[in-house]
Amino acid sequence: MKNKRFIYKGIAVLLLTGISFGAVSCNDSNLEDVKNTGTFDTENFFKNEEQSFAGLVATYDLLRKYSGGFENSVTFFNAASDDCYSGGGSSTDGAGIQGIANYSINPIIVPASYWRDYYQGIARANLLLERIPNATMNDNTRNKFIAEAKTLRSLYYFELVRMFGNIPLILKPVKYSDDYYNIPQAAKADVYNQIETDLLDAINNLPTTQSQKGRITQGTARAILGKIYLYDKKYSQAAAQFEMVNGAPGGTSQYGYKLVSNYADLFKVGTVTDNVDPYKFSSESILEVMSTNKGNSDWSFWGTGKDEGNSICVMVGIRSYKVLDTSPVVNDAPSVYSGWSFNPITESLFNFMQGDPRLNASILNVKQLVQQGKVSYSPAYKDTGYFLNKYMPKTTDVTNLPGASELNFRQNYIAIRLADTYLMEAEALGGSGSRAQALLDAVRARVGLASVPVSMQAIKDERRRELAGEGHRWFDLVRWGDAPTVLGSRGFTAGKNEILPIPFNELPNTVLKQNTGY
């Protein structure tokens, strides 16, 4: 008999052991204020709107994979790109992040949570979609919840398919009685067709605005669909969706999106007044992942999905950073909370961004501050003296609530923003034409740069500068087919490293087949 301890851990374990939901209120201004307080019996839940909303909040929780825990995807894929090194304390500090940086990644050291966590989100969405049709609530609310669940499930499948390639496609809850260890991997085309169909079905049932910040709207779903179409090489469909999201380049779109005037504001953390941070959920934000210090995150549950702080911040923070006393001269060096020195910026990116107005917002030049006698720090692995400033943990942002200071930075992560969708639309248009030119111009004009002739290379260059360190560069290089050339010196092998190996423990006693080369 097959040993079911090993079968599809990421797909089945959550449903077979119970999901932690809790009592919630639909009147909170942010999803970050909704707490999970206990387990439930899946057979007797989802009876009404409140319970269904709890299930929906739990489905949103997996968005935190972008920025939560040591295995957050932003620092991992930054390390895989030409913009950052792995960093950390040593060449063995985090086997997965070191392995992707030098392309020694294998099924043993690849973070299993990238597979497991997204399948947990899919499992939660599947259960919600099965039970919600019979719950007591008005049909408008029901249809909205269903649309949100389908959008989240599509996003999680998209992350899985672009990371792992051929994956199992499961659209209903898995039960003990199911022969789930014989579920085969689906063709990538089938996964893309399913998630595109689900998004098309969901869009018209989503509102243009939500009372709670962080929830998916019609504009969010269109942006996700446009991105999926782009990766699926359906360029005309991608451009059509992005055009509805973007509107007139540089203006305000039908969904209220508009480029913020000050680029650096996208990465600031403000003083909270009346429970509102003025820098969160700006007009440029399309899909924003919330972080908070209110969860009092601590080491005992860090990375389990229950922690709510932004882990990118402490990971990219500078080891043993200290502002020196330069009296009587005023020292204008930033006050930074010491971190772990992951994702040091490469000399390649630093040189590439010279003369660009976004340089200082993106990269903190600590090498220069040391030369000026303003700061000291402890160089870590692959140190360059250049650090990712967008998520740099400031001392003013340190929590005043219980929990580990390192784990409770409250800066949100913007997974999709308007400048990103402008450039993706220009790419989907083939990097030519008046609209592509206008989209590129708008991104540059926001930071005071003059127009340059639109082309695919101009768009690639602009994405590198505009989105530096935000976790997109590696996927861009792979999508464009540029990764073997750009990352070949790192060890990237064409036909292999475009996707990750499936984690080893997902394979025994199943029909899953490991990806080529691993």
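Going by the annotation in an unreviewed UniProt entry, the name recorded for the protein is SusD family, with Chryseobacterium indoltheticum given as the source organism.

Visitor: Please set out the side chain of Arg131 residue by residue, giving values where relevant.
Guide: In this fold, Arg131 is placed in helix H5 (residues 113-131). The buried category is assigned to Arg131, whose relative accessible area is 15%. Looking at Arg131, its side chain comes within polar contact range of the side chain of Glu130, at 3.0 Å.

Visitor: Give me the lowdown on the pattern of salt bridges, citing residues and values where you can.
Guide: Where side chains of opposite charge bring their charged atoms close, a pairing between them can arise. Here the structure, examined in full by the defined rule, presents 35 salt bridges. With its nearest N and O atoms 2.6 Å apart, the salt bridge here joins Arg358 to Glu462. Linking Arg358 in the loop between helix H11 (347-352) and helix H12 (359-362) with Glu462 in helix H16 (residues 456-466), this pair joins segments that are 104 residues apart in sequence. Residue Arg358 is classed as buried on the basis of its relative accessible area of 0%. With relative accessibility at 1%, the residue Glu462 sits in the buried group. As a salt-bridge pair, Glu427 and Arg479 come within 2.8 Å of each other at their nearest N and O atoms. Here Arg479 lies in helix H17 (residues 473-480) and Glu427 lies in helix H14 (residues 418-428), a separation of 52 residues in the sequence. The exposure class of Glu427 is buried, given its relative accessible area of 8%. By relative accessible area, which is 12% here, Arg479 ends up buried.

Visitor: Summarise the environment of Thr292; cite the residues concerned and give the values.
Guide: Topologically, Thr292 is positioned in the loop between strand S3 (285-289) and helix H10 (311-316). Taking C-alpha positions, Thr292 is 30 Å from Lys382, a pair spaced 90 residues apart along the chain. A polar contact of 3.0 Å, which involves the side chain of Thr292, links it to the backbone nitrogen of Lys294.

Visitor: Residue-level account of unusual backbone geometry, with values.
Guide: Even without being glycine, Lys233 reaches a positive phi, approximately 60°. Mapped onto the secondary structure, Lys233 falls in the loop between helix H8 (218-231) and helix H9 (235-246). Overall, the relative accessible area of 53% leaves Lys233 in the exposed class. At Ser320, a position not held by glycine, the phi torsion is positive, near 55°. Along the chain, Ser320 turns up in the loop between H10 and strand S4 (322-323).

Cut-off values and rules
Residues numbered from 1 in each chain as written. Predicted model: local features only at pLDDT ≥ 70, side-chain atom pairs only at ≥ 80, totals over all residues. Heavy atoms only, no water. Helix = DSSP H or I, 4+ residues; strand = E, 2+ residues; numbered from the N terminus. Buried < 20%, exposed > 50% of the residue type's maximum accessible area, 1.4 Å probe, protein only. Polar contact = N/O pair within 3.5 Å; in protein donor to acceptor, adjacent residues only side chain to side chain. Salt bridge = Lys/Arg side-chain N within 4 Å of Asp/Glu carboxyl O.

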